[in-house]
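Coordinates in review
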Amino acid sequence: MSISAYIKVIGRGKDGARPLTAEQAHDLMSQVLAGQVTDLEVGAFCLAMRIKGEEVNELDGFVRATLAHCLPIPGAPSGVVVLPSYNGARKLPNLTPLLALQLAKQGVAVLVHGPRHDPTRVTTAQVFDALGLPTATSAQDVQDAWEAGRPAFMDIATLCPPLAKLLDVRWTIGLRNPGHTVAKLLDPIVAAGDSRTMRVVNHTHPEYAISLNAYLKHAQANALLMRGTEGEPVADPRRQPRFDVFINGLRDEGLSRAPVDGVLTELPELPSGFDADTTADYIQSLMSGLQPVPAAISAQVSCLRQALKPA
């Protein structure tokens with residue numbers, strides 16, 4: 001099989017390229033994830049989409065195709081918060097584990113997924129390791145973590161091996177690809193009764209805020225859309241970001257939150273380093289009450305807890 005016909009559509013440059021339909025995008029991504037195309041075609045697909053950018057119907061097809069390759073994770077009766085964690089820390093401490101632990105402390109089931117290692121950044125997996133939190137290697141491990149009151153972390157190589165392979169193309173061509181956008185939208189939780197799943201979808205650039213907003217509406221998703229901290233799904237501890245909360249694809253005005261403008265009168269005391277061990281020590285000091293949890297992260301925890309409650 002070949003995806004050359006699709007590459008001809010998306011590969012004609014920023015002005016000449018045309019979007020794929022959802023069905024075409026689903027077929028293209030299905031072939032890529034199934035390993036039915038050549039490495040050269042995969043590279044061409046990644047570069048073409050990087051130049052063109054993903055549109056709503058394409059994201060729809062890509063995400064549905066990827067979910068078919070994911071390990072299904074049974075949900076929890078009280079709902080689940082999903083934290084896709086794919087960027088890691090470069091300048092600031094990676095506080096995604098803090099968000100996960102704060103949610104779990106309040107009885108919320110949390111699934112974090114992402115890569116174990118990134119040669120350029122400190123990953124959430126590394127901070128989980130430094131905190132002594134085990135990596136889940138099966139759906140049962142996830143359930144065990146929830147029953148023990150812990151957040152669960154699963155490596156994307158376990159959750160969706162072919163997507164992990166597509167993400168690794170970045171280290172060959174030097175650019176991110178549609179797999180990275182899909183990963184940040186991935187919710188592998190199988191619904192449990194009437195309980196909700198809330199995924200945190202984060203962006204780093206304004207144009208992605210627009211496309212992700214449109215996708216969440218189209219997919220009738222339950223999600224919190226926000227600008228991430230260095231691309232991580234956690235609020236910046238130094239300022240209150242905008243929260244756009246979607247329930248069944250509709251923006252919930254009561255749960256959504258405007259950003260706090262202006263300069264903060266008091267900044268949280270962050271560690272000077274951001275390596276995994278330093279970050280873990282800082283998180284433990286917050287969890288033990290030695291220091292206050294940054295207000296923006298506490299607000300995110302509260303927002304997600306309220307969003308999980310059925311109407």
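Residues numbered from 1 in each chain as written. Predicted model: local features only at pLDDT ≥ 70, side-chain atom pairs only at ≥ 80, totals over all residues. Heavy atoms only, no water.

What about the overall build of the protein chain?
If you tally the helices and strands in the protein chain, you get 15 helices and 10 strands. Expected size for 311 residues packed as a compact globule is a radius of gyration near 19 Å; at 19 Å, the protein chain falls within 12% of this value. Considering only C-alpha atoms, the protein chain reaches an extent of 60 × 45 × 40 Å along its principal axes. Within the protein chain, the fraction of its 311 residues that count as buried is 55%. When contacts within the protein chain are restricted to residue pairs at least 6 apart in sequence, those whose partners lie at least 24 apart make up 73%. Surface summary for the protein chain: the accessible area is close to 13,800 Å², and the carbon and sulfur share equals 52%. Charge-centre separation for the protein chain: the mean point of 28 positive side chains lies 5 Å from the mean point of 31 negative side chains. (Helix = DSSP H or I, 4+ residues; strand = E, 2+ residues; numbered from the N terminus. Rg over C-alpha atoms; globule rule 2.2 N^0.38 Å. Buried < 20%, exposed > 50% of the residue type's maximum accessible area, 1.4 Å probe, protein only. Contact = heavy atoms within 4.5 Å. Areas by Shrake-Rupley, 256 points an atom, 1.4 Å probe, with all protein chains shown as cover. Lys, Arg positive; Asp, Glu negative; His and termini not counted. Charge placed at Lys NZ, Arg CZ, Asp CG, Glu CD.)

Re the packing of aromatic side chains
The tally for this structure, following the rule as stated, stands at two aromatic pairs. Here the aromatic rings of Phe-45 and Phe-62 are separated by 5.8 Å at their centres, their planes lie at 80 degrees, and the arrangement is edge-to-face. Linking Phe-45 in helix H4 (residues 39-52) with Phe-62 in helix H5 (residues 56-67), this pair joins segments that are 17 residues apart in sequence. The pair Phe-45 / Phe-62 is uniform in exposure class, with both members buried. (Phe/Tyr/Trp six-rings, centres within 6.5 Å; stacked < 30°, edge-to-face > 60°.)

Concerning unusual backbone geometry
Phi angles above zero are rare outside glycine, and Glu-230 is one such case at about 55 degrees. Here Glu-230 shows up in the loop between strand E8 (223-227) and strand E9 (244-247). With phi around 55 degrees, Asn-248 is a residue other than glycine that occupies positive phi space. Position of Asn-248 relative to the elements: it lies in the loop between E9 and strand E10 (250-251).

So, the sheet that holds E9
Here eight strands make up an open sheet; going across it, the order is E4-E5-E3-E2-E7-E8-E9-E10 and the pairing mixed. At either margin of the open sheet sits one strand with a lone partner, and together these are strand E4 (135-136) and E10. In the packing of helix H6 (residues 96-105) onto the sheet, the strands contacted are strand E2 (80-84) and strand E3 (109-114), and the crossing angle to E3 comes to about 160 degrees. Along the sheet face, helix H12 (residues 178-185) touches E2, E3 and strand E7 (197-203) and points at about 145 degrees away from the line of E7. (Pairing = 2+ DSSP bridges. Axes fitted to C-alpha atoms, helices over the stretch in contact; angles between N-to-C directions.)

Describing the pairing of strand E5 (residues 152-155)
Neither face of E5 is exposed, since Ala-152 and Met-154 on one face and Phe-153 and Asp-155 on the opposite face are all buried. Here four bridges tie E3 to E5, and the two strands are oriented parallel to one another. Paired with Val-112 across the bridge in E5 is Phe-153. Where E4 and E5 come together, two bridges link them in parallel fashion. Bridged to Thr-135 within E5 is Phe-153.

Re helix H3 (residues 22-33)
Each α-helix turn comprises 3.6 residues. Residues three or four places apart therefore point the same way. Counted at 1.5 Å a residue, the expected span for H3 with its 12 residues is 16 Å, and the 16 Å between its end C-alpha atoms agrees. Among all positions in H3, only Ala-22, Ala-25, Leu-28, Met-29, Ser-30, Gln-31, Val-32 and Leu-33 are buried. Close packing links the buried residues of H3 with helix H1 (4-10), H4, H5, helix H10 (161-167) and H12. Gly-35 occupies a position one or two residues after H3 and carries a positive phi of about 70 degrees. (Expected span 1.5 Å × (residues − 1).)

Quick notes on the pattern of salt bridges
Inspection of every chain in the model, using the stated rule, returns eight salt bridges. With a shortest N-O distance of 2.5 Å, Glu-253 and Arg-251 are connected by a salt bridge. Of the residues examined, Glu-253 reaches a relative accessible area of 58% and is grouped as exposed. Residue classification places Arg-251 among the partly exposed positions, given a relative accessible area of 28%. Each of Arg-242, Asp-244, Arg-251 and Glu-253 takes part in a single network of salt bridges with overlapping partners. (Salt bridge = Lys/Arg side-chain N within 4 Å of Asp/Glu carboxyl O.)

Things to note about the nonpolar core
Ranked by size, the top nonpolar core spans 56 residues in total, and within it Phe-45, Leu-111, Trp-146, Ile-156 and Leu-216 carry the most contacts. Leave out the neighbours within four places in its chain, and Trp-146 touches Ile-73, Pro-74, Gly-75, Ala-76, Val-80, Ala-109, Val-110, Leu-111, Ala-152 and Ile-189. In this structure, Leu-99, Ala-125, Leu-304 and Ala-307 belong to the second largest nonpolar core, which totals 42 residues. (Core = buried A, V, L, I, M, F, W, Y, C linked by side-chain atoms within 4.5 Å.)

A word on the packing of H5 against helix H13 (residues 206-218)
Each pair of packed helices gets described by two things: the angle between the helix axes and the distance between those axes. It is at 9 Å that the axes of H5 and H13 come closest, and there the two elements cross at 60 degrees. Classified by the interaxial angle, the pair formed by H5 and H13 is oblique. H5 and H13 meet at a crossing whose hand is right-handed. Contacts between H5 and H13 involve Val-56, Asn-57, Leu-59, Asp-60 and Val-63 from the former and Ser-211, Ala-214, Tyr-215 and His-218 from the latter. (Parallel < 35°, antiparallel > 145°, perpendicular 65-115°, else oblique. Left-handed = near helix turned anticlockwise from the far one by under 90°.)

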